[in-house]
Amino acid sequence: MASVGDGFFREVHVGRQGSSERGGRLLTTVWLVAACTAFVGWLILHGGRADQTWAESFVSALNMPFSFSVVSVALLSLTATALARRKRLGLWTVVAFQVFGIAASTEDLLTPDAEGAGAGQLAWWTWLDVFSIVVGVVACWWLWRLRPAFRARIRPGSWVLATVAGLAGLAVTVGVTVAILWGLGLTAVDSSALLLAVVADGFGYSDALAGAIGRVPPWVPGLTSILTALSIVAASVVFLRTARDPHAWSGRHELAIRRLVRDHGEDDSLAYFATRRDRSAILTPGDRAVVSYRVVNGVALAAGDPIGDPHAWQEAIGRWRAEAREHGWSPAVLSASESGARAYAHAGFQVRAMGDEAVLEASRFTLEGPAMADVRHAVRAAEASGLHVQLRRQAQLSPAERREIAVAARSWLHGESERGFSMALNREMDPADGRILYVTAHEADGSLAGVLGFVPWGRRGVSLDVMRRRPDAPHGVTELMVCELMRRGPEVSVARVSLNFCMFRSVFAESAKLGSGGLTKLNGSVLGFLDRFWQLERLYRSNRRYRPRWVPRYVCYDAAFLLPKTILAMGSAEGFLPQGPLARRRARDRSLSPLDLAAVAELDAAAPALTLPSVRRTDGERVRLRHLAELTDAGGDGYPAAGEPPTATLAELACGQASGAQTVSAVGRVARVRDHGGVVFVDLIDGAARVQALAERAGLGAEALDRLARWADRGDLVEVTGRWGASRTGTPSLLLTAWR
């Protein structure tokens, strides 16, 4: 049983975790700022000073390896990187620097000044040493309390590999430096003293050579500094390698994701892309929800929303975030929907708008109107050239057709790398993807001119995966395929289509408006320049032509100082930045076993029936539905089959074109019903025409009159038959003999 004390200690534990996390961010920020400052100082003052500057002296008093040298930049940057990845080693490295600073300052205080410095100078350095000791003691206490924020593990075997890399780099550095000194003939003094002096100068202390020899060219310690920095970087990169992901792709993971997509993917157009085989998956106990991600340059990059029961989203996000911190990854999310972004924000992520997804709905799509003129003309041009379109699921394609589509899709890339991570499947004609919809355009001779590939989106939608066209295909081939899909969607159970994702859509849209601000236009110009390389604006304009519904997508990240790293990882994953082909090759080499494929077939066959949302009806609609049910129970037909066409329109009757001697029939919509017992008046309308119908027992019959009075409601479409005449008050009326 939980007690009040349990809640108190839980709150205290959560509070300490939050405090340590904030402290970890502050510590990382301090080291990042120090690294940037050292780098800028090295660029400005490199080779132009004789001793330490006041900035170097002050920051060094904080027990940080700070100087305007490339070695210092390397040490500070690598330590900051380890801290940003929440490596426990990074925390211990900072502690080690603090302990070393305390020891060095204590030694300075206990050692008299050998050069007999003046009293003022002695007081300055003494107080600086005292300050360094105080900072070190307080910092060690604070760093000890920050341990909960630094839990990332080191990859097994990293110690050995890092030691080998460091020793090899050190041997190369010393060997090259000694060889250069011998080559310059600078061996008249003690070689070890001269070597140490050169290395010290490489660390940023130019006066270190004063006690050795002054004829060493300045480029020698510079080269030594660079070699030392490279050695440190090599050893650190090996040491800080990410641990192997224990949640990498497996057949079991993909089957679990497919079940969740089947049961909970109705509202997420990106859900099916979670089955990519270059992604890892964090599942909650019982497989209630999952976060799929891929580690890119130290960033655990998830795409889209968590998949599964929304009540289990927070648990899935928490487990994924804890796993990322355990391995030193920076968690981030690409292309989250509004509901997903809210869930990530609730978990502590920062959220920023990223762009919009273009969604077409068959019920609203039309080629009519001036706004669709460009698309309409392109479709007509494609049809005039003899193109025709086929819509087929992958399971319906023959092996030869699958090969033809796959070969064409690859060849039409013309050697360019295939982009996409959050909205790309990264596999083709896989046996597990039988529900993928292919829209193909063919010439009159049957040759392939264009291909659109769509992954399933719930039970009534599809999401674009592949868009290809033959370079010499007739104009309008893509527009024809899209419009044919929207027109013939019901044939393949498609009511909605997700097209491309448009980054920074709002910037393009706002910059094109009359009176837009200068900053908006500047942003639009910058993105327009980038369009030369990444086709951002052209993608937006091509999707805008279809008048889609724009659905916002968001990027979520853990901390502001990690945003640049996150952006680089996103650009690499989406294919905007160079990346190695290793990950893609591994993903394509992965496939499901025959048993897993059989399980996928069962999942597809057992897809649950579409559950329609409940409809809120007005009182009038409920009354009409009740009357319809009563009419049906009584043997009537609320929707009778069409019979003979009516002999007159309400407009003709209202103009007096019907004589009282002949029987006429007309169709109109009920505007009002007035029941006066033995007589019922019904006002019928058709456009602007309005006619009164009069029903009596003598002419209509008691049963038919009773049905008319009870079940005819405003808005019903009825057919009436009778003779043209007048009521007792002289009002022109159609005297009914039948109705339905």
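That block above? That's the structure.
Anyway, here's the lowdown on the structure attached to this text. (Residues numbered from 1 in each chain as written. Predicted model: local features only at pLDDT ≥ 70, side-chain atom pairs only at ≥ 80, totals over all residues. Heavy atoms only, no water.)

Some words on the pattern of salt bridges
Alright, step 1. Inspection of every chain in the model, using the stated rule, returns 34 salt bridges.
Alright, step 2. Taking the shortest distance from any N to any O, the salt bridge between Asp 287 and Arg 252 comes out at 3.0 Å. Here Arg 252 lies in helix α9 (residues 251-264) and Asp 287 lies in the loop between β1 (280-283) and β2 (289-296), a separation of 35 residues in the sequence.
Alright, step 3. With relative accessibility at 24%, the residue Asp 287 sits in the partly exposed group.
Alright, step 4. Across the pair Arg 707 and Glu 703 runs a salt bridge whose closest N-O atoms are separated by 3.4 Å. (Salt bridge = Lys/Arg side-chain N within 4 Å of Asp/Glu carboxyl O. Helix = DSSP H or I, 4+ residues; strand = E, 2+ residues; numbered from the N terminus. Buried < 20%, exposed > 50% of the residue type's maximum accessible area, 1.4 Å probe, protein only.)

Some thoughts on the nonpolar core
Alright, step 1. Counting 31 residues, the largest nonpolar core has Leu 360, Leu 437, Val 439, Phe 454, Leu 485 and Val 497 as its most contacted members.
Alright, step 2. Secondary structure elements with two or more residues in this core: β6 (350-361), α12 (373-384), β7 (388-393), β8 (437-442), β9 (448-457), β10 (461-469), α14 (477-487) and β11 (496-503).
Alright, step 3. Looking at which element gives the most residues to this core, the answer is α14, with seven residues.
Alright, step 4. Excluding residues within four positions of it along the chain, Leu 485 makes contact with Leu 391, Leu 437, Val 439, Phe 454, Val 462, Val 494 and Val 497.
Alright, step 5. Grouped together as the second largest cluster of nonpolar side chains are 29 residues, Leu 301, Ala 406, Met 429 and Ala 573 included. (Core = buried A, V, L, I, M, F, W, Y, C linked by side-chain atoms within 4.5 Å. Contact = heavy atoms within 4.5 Å.)

What about a nonpolar patch on the surface?
Alright, step 1. On the surface, a cluster of nonpolar side chains totalling about 760 Å² of accessible area is made up of Leu 109, Leu 110, Trp 127, Val 130, Val 134, Val 138 and Trp 141.
Alright, step 2. The element best represented in the nonpolar patch is helix α5 (residues 119-145), accounting for five residues.
Alright, step 3. Tracing the chain through its elements places Val 130 in helix α5.
Alright, step 4. A relative accessible area of 31% means that Val 130 is categorised as partly exposed. (Patch = residues over 30% accessible without salt bridge, like charges linked within 9 Å, V, L, I, M, F, W, Y side chains within 5 Å. Areas by Shrake-Rupley, 256 points an atom, 1.4 Å probe, with all protein chains shown as cover.)

Re the environment of Ala 712
Alright, step 1. For Ala 712, the location among the structural elements is in the loop between α24 (702-711) and β16 (717-726).
Alright, step 2. Among the residues examined, Ala 712 registers a relative accessible area of 8% and is labelled buried.
Alright, step 3. Once the C-alpha coordinates of Ala 712 and Arg 672 are considered, the two residues, 40 residues apart in sequence, prove to be 9.2 Å apart.
Alright, step 4. Beyond its immediate chain neighbours, meaning those up to four positions away, Ala 712 contacts Val 673 and Arg 707.

Some remarks on the sheet that holds β16
Alright, step 1. With mixed pairing, the five strands of this closed barrel are ordered in space as β13-β14-β15-β17-β16. Neighbour-to-neighbour, the strand axes of the sheet open up by a mean angle of 55°, direction not taken into account.
Alright, step 2. The pairing of β16 with strand β17 (residues 732-739) spans seven bridges and is antiparallel. The residue of β17 that forms the bridge with Thr 721 is Ala 738. (Pairing = 2+ DSSP bridges. Axes fitted to C-alpha atoms, helices over the stretch in contact; angles between N-to-C directions.)

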